[in-house]
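# Fold and contact review
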Amino acid sequence: MVVNKQNLSEPNMAAKTDTPVNERQTLPVPEYHEQVVGLDHETVGNVRCDNPFMIAEGVNVYYGDNHAIRNVTLEIGKRQVVALIGPSGCGKSTFLRCLNRMNDSIENARVTGNITLDGLDIYSKAQDPVALRARVGMVFQKPNPFPKSIYDNVAYGPRIHGLAGDRAELDNIVHTSLERAGLLKEVKDRLDDPGTSLSGGQQQRLCIARTIAVNPEVILMDEPCSALDPIATARIEDLMDELCEDYAIVIVTHSMQQAARVSRRVAYFHLGHLVEVDDTDRVFTNPQHKLTEDYISGRIG
Ligand code: ADP
């Protein structure tokens, strides 16, 4: 396979290939890539799953000339967490954003291939992206509560989608969502306070409450704990464990420990390719592809 160097992300300048082997350091990805072969094959492992709910088939994403996602096929099932891992710039967030058409708003971005949600083509002309995002919700890296009260943050989606017939129903949705996000106890006496008055971890749980208030079927999480301390991180991870009873969750994380703790399946990306996907235990204990092995053993970063 020919790799256009201009398409590669900037190498990590801190790492140098002439580093003595006894001072082990990670290698920059593009430099490392030139030492390996084997990216022009199909994904190893198992891209399929039982009862797939969301299916991405032959997905490519281009930002202008930059071919950021290369022919990726992946099935996502309900009641499971799939973790997307890989070195920075390998396309994890780009692929995640394809799943609810967040790339639509990026100028220059072009998506090809097929993505279905419960059999429905999410890129069809008839599909309203706002309605899609109610079914496939997203939680971002940095908690981003609206400049509104805690109550209004959670009520926002149900209001615009007309999910509540009256105030009592709306109250019920807000309370249930906060409860499910593990936040109700902490905020029930201050629902009129601004969402931004909460701590970082609470704000992220508020964003999760806002996401689940519209009854999504899939929740996408883009490094949801990277701005949080270890205690707030543990709470979000516990929450994911509970939420995956009802939802399909896809999480981008650059913490392999987090992927090991929270996910049932792991998908390893490298330079836009989905190199390997399989049950988390199997990928971490017995990776099949050299690139996966080198990444999880810390040889590339
Ligand atoms: P990751 O999430 O694995 O760090 P990204 O999906 O952010 O990787 O990036 C994959 C590739 O797409 C990189 O080459 C990056 O520079 C490029 N890219 C990501 N977002 C944009 C964007 N909004 N516009 C142009 N190029 C982008």
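So, on to the overall build of the protein. For the protein, the helix and strand inventory stands at 11 helices and 11 strands. The buried share of the protein, taken over its 301 residues, is 41%. Put simply, 69% of the contacts in the protein that link residues at least 6 apart link residues at least 24 apart.

In the vicinity of the ligand there are 13 residues, among which Tyr-63, Ala-68, Lys-92, Ser-93 and Thr-94 approach most closely. Sorting the residues of the shell around the ligand by element identifies strand S3 (66-77) and helix H2 (92-98) as the ones contributing at least two each. Across the shell around the ligand, the residue classes tally to 4 nonpolar, 8 polar and 1 charged.

Ile-249 and Val-250 are the most contacted members of the largest nonpolar core, which totals 74 residues. Setting aside residues up to four positions removed in sequence, Val-250 forms contacts with Ile-76, Val-82, Leu-84, Leu-96, Leu-99, Val-218 and Leu-220.

Attention shifts here to helix H5 (residues 167-180). Over its 14 residues, H5 runs 20 Å from end to end, which matches the ideal 20 Å to within 8%, given 1.5 Å per residue. Among the residues of H5, Ile-173, Val-174, Ser-177 and Leu-178 are the ones counted as buried. Down the axis of H5, the smallest arc covering the buried residues is 125°, so these residues share one side. Exposed positions of H5 whose direction lies more than 90 degrees from the buried face are Ala-168 and Glu-169.

The antiparallel open sheet is built from 4 strands, whose spatial order is S3-S2-S5-S6. The sheet is open, and its two borders are formed by S3 and strand S6 (120-121), each paired with just one other strand. Looking at chain direction, strand S5 (residues 109-117) and S6 are connected through 2 bridges and run antiparallel. Directly across from Leu-117, in S6, lies its bridge partner Leu-120.

As for its placement among the helices and strands, Val-250 is situated in strand S9 (residues 248-252). Put simply, Val-250 and Gln-80 are 170 residues apart on the chain and 8.4 Å apart in space, counted from C-alpha to C-alpha.

Now for the sheet that holds strand S7 (residues 136-139). To summarise the sheet geometry, strands pair through backbone hydrogen bonds and adopt either a parallel or an antiparallel arrangement. Taken in spatial order, the 7 strands line up as S1-S11-S10-S4-S9-S8-S7 in an open sheet, and their pairing is mixed. Across the chains shown, the open sheet's two edge strands, defined by having one partner strand only, are strand S1 (44-45) and S7. Sheet analysis places strand S4 (residues 80-85) next to S9, joined by 5 bridges and oriented parallel. Paired with Val-81 across the strands is Ile-249, a residue of S9. Those strands touched by helix H7 (residues 200-212) are S7 and strand S8 (218-222), and its axis lies near 170° from that of S7.

Our next topic: the packing of helix H4 (residues 150-160) against H7. Helix-helix packing is characterised by the crossing angle of the two axes and by the distance between the axes. For the pair H4 and H7, the least separation of the axes is 7 Å and the interaxial angle reads 30°. The angle between the axes of H4 and H7 places the two elements in the roughly parallel class. When you trace H4 past H7, the crossing you get is right-handed. Facing H4, whose interface residues are Ile-150, Asn-153, Val-154, Tyr-156 and Gly-157, H7 presents Leu-206, Ala-209 and Arg-210.

Quick notes on the rules
- Residues numbered from 1 in each chain as written.
- Predicted model: local features only at pLDDT ≥ 70, side-chain atom pairs only at ≥ 80, totals over all residues.
- Helix = DSSP H or I, 4+ residues; strand = E, 2+ residues; numbered from the N terminus.
- Buried ≥ 20, exposed ≤ 12 C-beta atoms within 10 Å, placed from the backbone.
- Contact = placed C-beta atoms within 7 Å.
- Near = placed C-beta within 6 Å.
- Nonpolar A, V, L, I, M, F, W, Y, C, P; charged D, E, K, R; others polar.
- Core = buried A, V, L, I, M, F, W, Y, C linked by C-beta atoms within 7 Å.
- Expected span 1.5 Å × (residues − 1).
- Arc of directions from axis to C-beta.
- Pairing = 2+ DSSP bridges.
- Axes fitted to C-alpha atoms, helices over the stretch in contact; angles between N-to-C directions.
- Parallel < 35°, antiparallel > 145°, perpendicular 65-115°, else oblique.
- Left-handed = near helix turned anticlockwise from the far one by under 90°.

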